[in-house]
Amino acid sequence: MKQIVYSAPGKVILSGEHAVVYGRPALVCAIDKRLTISITPSKTSAPSNQGMKTVEKGVRDFLKQKKIPVPELFFSYSVDSQIPIGRGLGSSAAFSAAASAALLELYTGQEWSLEEINNCAYKIEQVFHKNPSGVDNTAAVFGGLIYFRKEFEFLKTISSLSLKIPSSIEQNLFLIDSGKPEETTAQMVENVGKLYNRKGLLIDKTLRNIEKITKRIVVSFAKEDTVFFRKSIEDNQKELEKLGVVSGKTKSLLKHLQPFGVGKVTGAGGTLGASGFLLFYVEKRERFLAFIQGKRLESMVFHSSYLGLKKII
Ligand code: MEV
């Protein structure tokens, strides 16, 4: 048997992170940064890290549940990624998706449908993050711009939108690294859960507001309305702050960036230190670029990608 290679994209949540865990919609877009995994069958067992062991077990369990026999096969693997790790851009989901696809093929000798790979990747994300919504792996598998809602554990609405992010908006979008959060995604999701238990009514209102904002962003894309988009990003950040997922350090960074545009946390966020990547809508480009260069802030241009999971070899 020969080498199997798959790649999957990272993602940016435009709106709806955390709210999506509670059945509210999220708007997510795959980006042009990708993770590639190569699997080579071998005669003896090769070392695997914990992440790969988790995927291996997840794929085996997934197949067993379908009553598909799993052969005892050994393999070596390598992972090459352009997606920053643990900063809200979906590195874990891209790994779960690409590695699931590759191992499903290794164990069964055939390519699997995107739907099945997504189901398998979701099970693995549950081991990594305890209570994920499934939005991250869905973006990694299908790519493009997706309106996602988890209705039940067994039913998720995945709407691949036919509209694109208008270039008048996308050309001004940047991703700024506020730094690696001290908390994991699982911890951040748990923290919001605890806040919900303590302040149910208040958090419910915040989640409702986030749903409205998510829908407004879709409308702003459909109407190519930059003003409406700008306002929605600003409002989204305020609601994320109410959910307690933004650190003081990140709030202060966004304040310093205020003269050049508006931004929000994207992904799980972080409160103790940094909050991962920020999605930033730039209005004063030259001054913004000079500022981030002066402060030595890591940033990249946001590029949406309509390419989801892909078999390379
Ligand atoms: C993390 O990228 C997004 C969260 O909403 C968690 C999830 O949906 O699984 C914070």
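Treat the numbers as computed from the prediction; the structure is a model and nothing was measured.

Thresholds, definitions, all that
- Residues numbered from 1 in each chain as written.
- Predicted model: local features only at pLDDT ≥ 70, side-chain atom pairs only at ≥ 80, totals over all residues.
- Heavy atoms only, no water.
- Core = buried A, V, L, I, M, F, W, Y, C linked by side-chain atoms within 4.5 Å.
- Buried < 20%, exposed > 50% of the residue type's maximum accessible area, 1.4 Å probe, protein only.
- Domains from an automatic or database assignment.
- Contact = heavy atoms within 4.5 Å.
- Helix = DSSP H or I, 4+ residues; strand = E, 2+ residues; numbered from the N terminus.
- Expected span 1.5 Å × (residues − 1).
- Polar contact = N/O pair within 3.5 Å; in protein donor to acceptor, adjacent residues only side chain to side chain.
- Phe/Tyr/Trp six-rings, centres within 6.5 Å; stacked < 30°, edge-to-face > 60°.
- Lys NZ or Arg CZ within 6 Å of the ring centre and 35° of its normal.
- Buried area = accessible area lost by both parts, 1.4 Å probe.
- Salt bridge = Lys/Arg side-chain N within 4 Å of Asp/Glu carboxyl O.

Let's shift gears to the nonpolar core. Ranked by internal contacts, the top residues of the largest apolar core, which has 57 residues, are L14, V59, L103, F221 and F302. A domain split of this core shows at least three residues from each of domain 1 (4-164 + 305-311) and domain 2 (167-301). Residues within four places of F302 in sequence aside, it is in contact with V12, C29, I31, I165, E170, L173, F174, L175 and L279.

Looking now at helix 1 (residues 50-65). Note on helix geometry: an α-helix contains 3.6 residues per turn, so any two residues three or four positions apart are oriented the same way. The terminal C-alpha atoms of helix 1, which comprises 16 residues, lie 22 Å apart, in line with the 22 Å expected from a rise of 1.5 Å per residue. Looking only at helix 1, the buried set comprises G51, M52, T54, V55, G58, V59, R60, F62 and L63. Where helix 1 starts, the residue carrying a side-chain oxygen 3.1 Å from the main-chain nitrogen of G51 turns out to be N49. Just downstream of helix 1 lies K67, where phi reads positive at about 60 degrees.

Given two aromatic rings, their pairing is described by the distance between the two centres and the angle made by the two planes. Using the criterion set out here, one finds 9 aromatic pairs in the structure. Plain terms: the ring middles of F260 and F291 are 5.0 Å apart, the flat faces sit at 40 degrees to each other, and that makes the pair tilted. Taken together, the residues F260 in the loop between helix 9 (248-257) and strand 7 (261-265) and F291 in helix 10 (residues 285-294) connect sequence positions 31 residues apart. Between F280 and F288, the aromatic rings sit 5.3 Å apart at their centres with planes inclined by 10 degrees, giving stacked as the arrangement. The buried category is assigned to F280, whose relative accessible area is 0%. In this structure F288 comes out as buried when scored by relative accessible area, which is 0%. One aromatic cluster in this structure is built from F174, F280 and F288. A cation over a ring is seen here: K156 above Y122, with NZ or CZ 3.6 Å from the ring centre. The ring of Y306 carries K164 above its face, with NZ or CZ at 4.7 Å from the centroid.

Okay, the domain arrangement of the protein next. Each assigned domain of the protein is listed with its residue range as follows: domain 1 (4-164 + 305-311) and domain 2 (167-301). Relative to domain 2, the C-alpha centre of domain 1 lies at a distance of 24 Å. Across the contact, 30 residues belong to domain 1 and 39 residues belong to domain 2. Carbon and sulfur atoms supply 66% of the area buried between domain 1 and domain 2, which totals about 2800 Å² over both sides. If you sort the residues of domain 1 by the area they bury against domain 2, H18, Y22 and R87 come out on top, with a joint share of 25%. The tally of links from domain 1 across to domain 2 stands at 4 salt bridges. Of the charged contacts in the structure, one is a salt bridge between E211 and R24, with a shortest N-O distance of 2.9 Å. Where domain 1 meets domain 2, there are 13 residue pairs in polar contact (both at pLDDT 80 or more).

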